[in-house]
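Chain by chain, the residues:
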Amino acid sequence: MSGFIHCLLSFCILGCICYSSRAWHVEMPSNMKALLGSCLVIPCTYDYYQYPPHNPSRVVWYQYRDRGYPLVYDDWNPNKVIRKFHGRTFKVSISDAKQCSLQIYPVRWSDHREKIYPWVDPENVGRSTYRFFDKTVTIQVVERAEKPVITFTGNRKVGQTVTVMCTVYHTCRTFPPTLRLNIPTQGNKPTHYSRSDGTTETTLTATLNIKSDLQEVECTVSYTGGVTERASQTLKAECSFFPLTIQPTSQEFLEGQASKVTCTAEYTCPKHLPKFTWSYGGTTDSPEISKIGDAHWRAVSTLTLTTSANDNGRYLKCTAEFTRSQRQAVGIYLRVKRNMLSRGWSFNSPGSITGMRGSCIIIPCSFTYSTDRPTGLRVIWYLYQSSGYPPVFDASQSAVGEFRGITSLIGSVDGGNCSLKIERLDMSHNKDRLYPWVDKNPITSYHTVGHTFYDKTTQLIVSDHAQEPQLSMTEIPTVGEQSRVSCNVRHTCITAPPVLTLSGITGTDRTIDRLVSDGIWERKVERIWTVKEEDQSVNCTVRFHGGQEASSELRLHVECPHEAIKMVERPGNATEGVAQSVICFVSYKCKKNTPTIVWNYKDMQSSFDDKMISSDTYRAVSNLTFIGSLGDDGKSLTCTAKFYSGETSDSATIHVKQYERQAEEIDPHDTFHVLAADVPFRFTALTRSCVVIPCTFQYPEDTTSLIRGMWSKKTGGIIFHKGQSHVLDHFKGRTKMLGNLREGNCTLEIDNIKSFDNGPFCFHAERGNDKYRFNNSCVFIVMRASPATPVMTPVPTEVDAGSTITVSCSVTYTCSSHPPEFSWSVSNLTSKVTDTNTEQGIWERNSTITFMVTGRDGVHTLTCTATFWRGKQQASSVELSVKGSLMYQFRSSVPVTMPVSALVLIVIILAAVFGVVICRKRSSQKRSDDSLRPPRPEKRRSLWDRLSRRYPESSERPPRPEKRRSIWSRFSRREEDGRIGWQNTRRSIWNRFSRRQDNTVNLSVGYVRHADNCHLQTSKPALPSPKENWKPPRPAKPKDGIYGNI
């Protein structure tokens, strides 16, 4: 009984365990392959319907063992994971289900045959709830990965596209392998799919354009860890053939005329070259092979044949035979158009003709017979229709309604002329087709099956919009000359042509009509006119009889010609400084084309004038007052007329000679007294400025002072006189005597010098009724149009910014009463102007400035400008290359010099410290041999003497009570203890430098003025010196009652 109960209890317990175990289940593969070096993702999911976990995200993996629970993964206790799995296991989530998936990376050989299993929330879910170790996964490590699989989907024909898929199966979903195809993938990304066995399917898809019947496709897969596998597969495609086509060059073949027919074969494989055969004996050219696209080839065979009337309705066949017994055939039925000559007559008329609504139109037509022309021929015109023969013109019957009363024949039928005229075209006539019938029998008497007159009909095109007339010119119109412009328009009615009207210009017209082609005439109106400056454009208007109008405009862009400029008054053999009038003129058309005339010499006075010399001709004149110098001899004087369309020039060679003094002619009958004067015979002056002519003379001993001095032209005429009424009008208000006659100074100033004020001018004087003339008193003024150029002293080519430079600028002048003014292009620090009389009447003004160079780097221009009296200027410039200032260089070098300076300073300080130490050692050795000296007075010394260890040799050295100390010890507050007689209280820094010594010592020193001995009293006994050569201190010399303190 007890055994039965035991069995019953065991069965109940097992049932409970089985029941509780069914409340949980875990899904994961039992075996998984892992690639060495890659990763392994073990997919794992769990679910339950009873006994839920407290922490469902808590998942721990164990190594399967008979005993114990070796940790493979535990995110709470990562340090307790066994060594072989430490740091290589991670929890991953690969779906939305309850996850317990594990990743192992990297996979090692030690993982082979390992059994592991998960445990969800092991702290709360026990083995009684679910036996997790019953569901394990075994890891199989492999060294070589699986090759990818290549599949093709689609129509495998050359020229078509197929879908290429490269698929690989792996167990590393988190780090999937990389797939590459040797064909374009258009940026497609691989797709990933999880399979039920735990593996992942990765697929890369691409579209392949099949270009050949055999095409190699290769796929490469690269796994994490560096393992690579390849697979290739040959795509075998089927070659395609497109339907054969045949095409003639025209829809109809003309009897007796050569025609061409082409047969075209298109295919996808170039190896399938077709061979063409024709069913008609003609001339066949070699096939033309061309590639018209990817995997698309074309072969064209051309047949040239001449058809006859019997070939009408014959079947023409083209056959193309490809390799591998592929054959195609196509054909057409020949439609041979019989020549009109086969009927005994033929006619010619245009295929189409265009006319304007409301105007008339003439359809040109001619006919011929192959045999003798019958008599009594009639010409009938028909309107082409698919059935019936409605007449357009028939002399024996009325025409169809819309052509009734407006058609007639033009020309003689006996002369083979069948032309038709239609009056008053209407829009209802548009697109109508007409054809003639020239036979003594009516058209209905002929059998017309298989033949129509459509190809020989003339189509009427009626327009309601007038064509713009065409304006043209044979040459560019030139003002003052005759030019021709023409306007033409084409039409179809010679009996009532359109009207052309020209406007915008006035002239004479000529009208010309000519036949351009069959039924097309051209009317042209030519106008000849004399071109004027104001002619801007010409307009042409055409008006048809139907009321249509059109116009066009032509811009004329008339040219304004000009003649070559001429120098009519050329400079002859000129004298230096003497003004000459040089005239240039140029004739031109158009007021708007007024030129500017320039000369190649500046600062010379010139005038300009232009005037009309005829209705359309103008003349521009420039008059230059030329003043030559000796340096101009042999040069060219050029005047240039500048027009908006160009320029013209004329030149002349300048010949300048030096002025020579002329011999004075003395009238033997004059009553002048003769004195001596000092006047330069040749003197320079700047036009528009002033000139000061130096003049001095000496009185004879028996001559009193002159009362009146005068200057006059040598040729006659007074230029200076105290009485202005005696002065020539040209010089009134411009001359002034600067000298004092009583002092023998007759200096003259002439202001506002004119170009022709050359002189010579002579000085003479009066005293009462006595008149005086002077030898060497005449001066010739050499005019200069341009002032002298300032001369600058040299300056350095390279200067530092911020540096100071002194520069001078000098210029000569002859107007001492109004010297030139200097201006500089820089701001100066100092400025000084001096005037120097270099020679008789010629002055030099010098401007010296000191300025600071600006801080900008680069090339700068320093300019000195001299402004002369009444505004004329002359400048001189030099270039300065400015570089960085010293401060700029210092800032640039600070990063280098500062560390070096600091290092040098440290070395100096260390050397000073070592020197002090050595000096102290030597001083201590010396003090050990010397006894302490009693204090002695010394004179009051300066601060430097107190700091210095030297004593001036020029003065006597008084005894001192303390040792010579170093600079360091003088600043130190440390007491020198242990030495008798050297004790002293600690003093402040101020006391060490102060001349007042407040601390007291038991010492009194007295000096007697002007005495040779002194009295020393001290309460402290003097200690004998250990040295035998000790000498008593020398008495100090009193100096003006000044006492020294210790």
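As a reminder, the structure under discussion sits directly above these lines.
What this report covers is the structure whose coordinates are included nearby. Note that the structure is a prediction, hence the values are computed from the model and not measured.

1. Side note on the overall build of the protein
For the protein, the count of helices and strands is five helices and 73 strands. The burial tally for the protein puts 39% of its 1046 residues in the buried class. Considering only contacts in the protein between residues 6 or more positions apart, those separated by 24 or more positions represent 63%. Counting every atom, the protein has about 59900 Å² of accessible surface; 50% of that belongs to carbon and sulfur.

2. Description of the pattern of salt bridges
By the definition in use, this model includes 32 salt bridges. A salt bridge links Glu423 to Lys421; the nearest nitrogen and oxygen atoms lie 2.6 Å apart. By relative accessible area, Glu423 is classed as partly exposed at 27%. Members of the salt-bridge network, linked through shared partners, are Arg58, Asp74, Asp75 and Glu123.

3. A look at the pairing of strand β31 (residues 366-369)
Side chains Phe367 and Tyr369 project from β31 onto a buried face, and the interleaved Ser366 and Thr368 project onto a face without burial. With four bridges joining them, strand β28 (residues 345-348) and β31 adopt antiparallel strand pairing. Note that in β31 the partner of Phe347 across the bridge is Phe367.

4. Thoughts on the packing of aromatic side chains
Applying the stated criterion to the full structure yields 30 aromatic pairs. Stacked on the ring of Trp76, the Lys or Arg Arg58 has its end atom at 3.9 Å from the ring centre. A cation over a ring is seen here: Lys98 above Tyr48, with NZ or CZ 5.6 Å from the ring centre.

5. Regarding the state of the cysteines
Scanning the model with the defined rule gives 14 disulfides in all. Paired through a disulfide, Cys39 and Cys172 show a sulfur-sulfur distance of 1.5 Å. Because the sign of the S-S torsion sets the handedness, a value of about 100° for the bond joining Cys39 and Cys172 places this disulfide among the right-handed ones. Of this pair, Cys39 sits in the loop between β2 (31-35) and β3 (40-42) while Cys172 sits in the loop between β12 (161-170) and β13 (178-181), and the two are 133 residues apart along the sequence. Its relative accessible area of 1% is what places Cys39 among the buried residues. When its relative accessible area of 3% is taken as the criterion, Cys172 is described as buried. Note that Cys809 is cross-linked by a disulfide to Cys864, the S-S spacing being 2.1 Å. Residues Cys809 and Cys864 are joined by a disulfide whose S-S torsion is about -85°; by sign, that bridge is left-handed. Of this pair, Cys809 sits in strand β66 (residues 804-813) while Cys864 sits in strand β70 (residues 858-867), and the two are 55 residues apart along the sequence. Neither residue differs from the other here; Cys809 and Cys864 are each classed as buried.

Rules used in this analysis
Residues numbered from 1 in each chain as written. Predicted model: local features only at pLDDT ≥ 70, side-chain atom pairs only at ≥ 80, totals over all residues. Heavy atoms only, no water. Helix = DSSP H or I, 4+ residues; strand = E, 2+ residues; numbered from the N terminus. Buried < 20%, exposed > 50% of the residue type's maximum accessible area, 1.4 Å probe, protein only. Contact = heavy atoms within 4.5 Å. Areas by Shrake-Rupley, 256 points an atom, 1.4 Å probe, with all protein chains shown as cover. Salt bridge = Lys/Arg side-chain N within 4 Å of Asp/Glu carboxyl O. Pairing = 2+ DSSP bridges. Phe/Tyr/Trp six-rings, centres within 6.5 Å; stacked < 30°, edge-to-face > 60°. Lys NZ or Arg CZ within 6 Å of the ring centre and 35° of its normal. Disulfide = S-S within 2.5 Å.

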